[in-house]
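# Structure assessment
So the chains spell out like this:
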Amino acid sequence: MTDFVDATAFNFEQGQRARKLFAAVVLAALDDAISDDKKYGNGPDQIARWARSRDGREVLSCAGIDPNERVVSGLMEFVSRGVRTSVALSREESERRQAAELAELAEAAQAA
């Protein structure tokens, strides 16, 4: 019985590692699209084309992301912002974004 539990836990951990690997591929595709957007101006179109392709849908599914149109539009919006994934996922960027939102709310409250 304990062998079955150990094997199940091992398989689950292997699956989680594979999911993280595919998530890293998605992040790399986003970074590539952002660099294309800066060079050629077609980044959102590139990520949309990739996400709608068979390979893109497969990678998104393996990463645990449902490859629907809402996800594609979200990826396009992320690329159009032009913030690299390493920066967007960092604590400093998240704190900066939160401070900017608080400043906007305070400004709106003063104006009202």
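Source: prediction; values computed, not measured. (Residues numbered from 1 in each chain as written. Predicted model: local features only at pLDDT ≥ 70, side-chain atom pairs only at ≥ 80, totals over all residues. Heavy atoms only, no water.)

Look at helix α4 (residues 69–81): 19 Å from first C-alpha to last across 13 residues, which is about the 18 Å you get at 1.5 Å a residue. Among the residues of α4, those classed as buried are Val72, Leu75 and Val79. Looking straight down α4, one finds its buried side chains confined to an arc of 60°; they lie on one side. Exposed residues on α4 whose side chains face more than 90 degrees from its buried face are Arg70 and Arg81. Capping the start of α4 is the job of one residue whose side-chain oxygen sits 3.2 Å from the backbone nitrogen of Arg70: Asn68. One or two steps after α4, the chain reaches Gly82, where phi turns positive at roughly 80°. (Helix = DSSP H or I, 4+ residues; strand = E, 2+ residues; numbered from the N terminus. Expected span 1.5 Å × (residues − 1). Buried < 20%, exposed > 50% of the residue type's maximum accessible area, 1.4 Å probe, protein only. Arc of directions from axis to C-beta. Polar contact = N/O pair within 3.5 Å; in protein donor to acceptor, adjacent residues only side chain to side chain.)

Overall, the coordinates contain three salt bridges when judged by the stated rule. Here Arg52 makes a salt bridge to Glu69, at a shortest N to O gap of 2.9 Å. Remark: Glu69 occurs in helix α4 and Arg52 occurs in helix α2 (residues 43–52); sequence separation between them is 17 residues. Of the residues examined, Arg52 reaches a relative accessible area of 42% and is grouped as partly exposed. Among the salt bridges present, the one from Glu77 reaches Arg81, with a minimum N-O distance of 2.7 Å. Of this pair, Glu77 and Arg81 both sit in helix α4, four residues apart, which is roughly one turn of that helix. The partly exposed category is assigned to Glu77, whose relative accessible area is 43%. (Salt bridge = Lys/Arg side-chain N within 4 Å of Asp/Glu carboxyl O.)

Here we come to the packing of α2 against helix α3 (residues 54–62). Two elements in contact, α2 and α3, have axes whose closest approach is 4 Å; the angle formed by their N-to-C orientations is 80°. Overall, the two elements α2 and α3 adopt an arrangement that is roughly perpendicular. Along its contact with α2, which presents Trp50, Ala51 and Arg52, the element α3 presents Arg54, Gly56, Arg57, Val59 and Leu60. Split into classes, the residues belonging to the contact of α2 with α3 amount to four nonpolar, one polar and three charged. (Axes fitted to C-alpha atoms, helices over the stretch in contact; angles between N-to-C directions. Parallel < 35°, antiparallel > 145°, perpendicular 65-115°, else oblique. Contact = heavy atoms within 4.5 Å. Nonpolar A, V, L, I, M, F, W, Y, C, P; charged D, E, K, R; others polar.)

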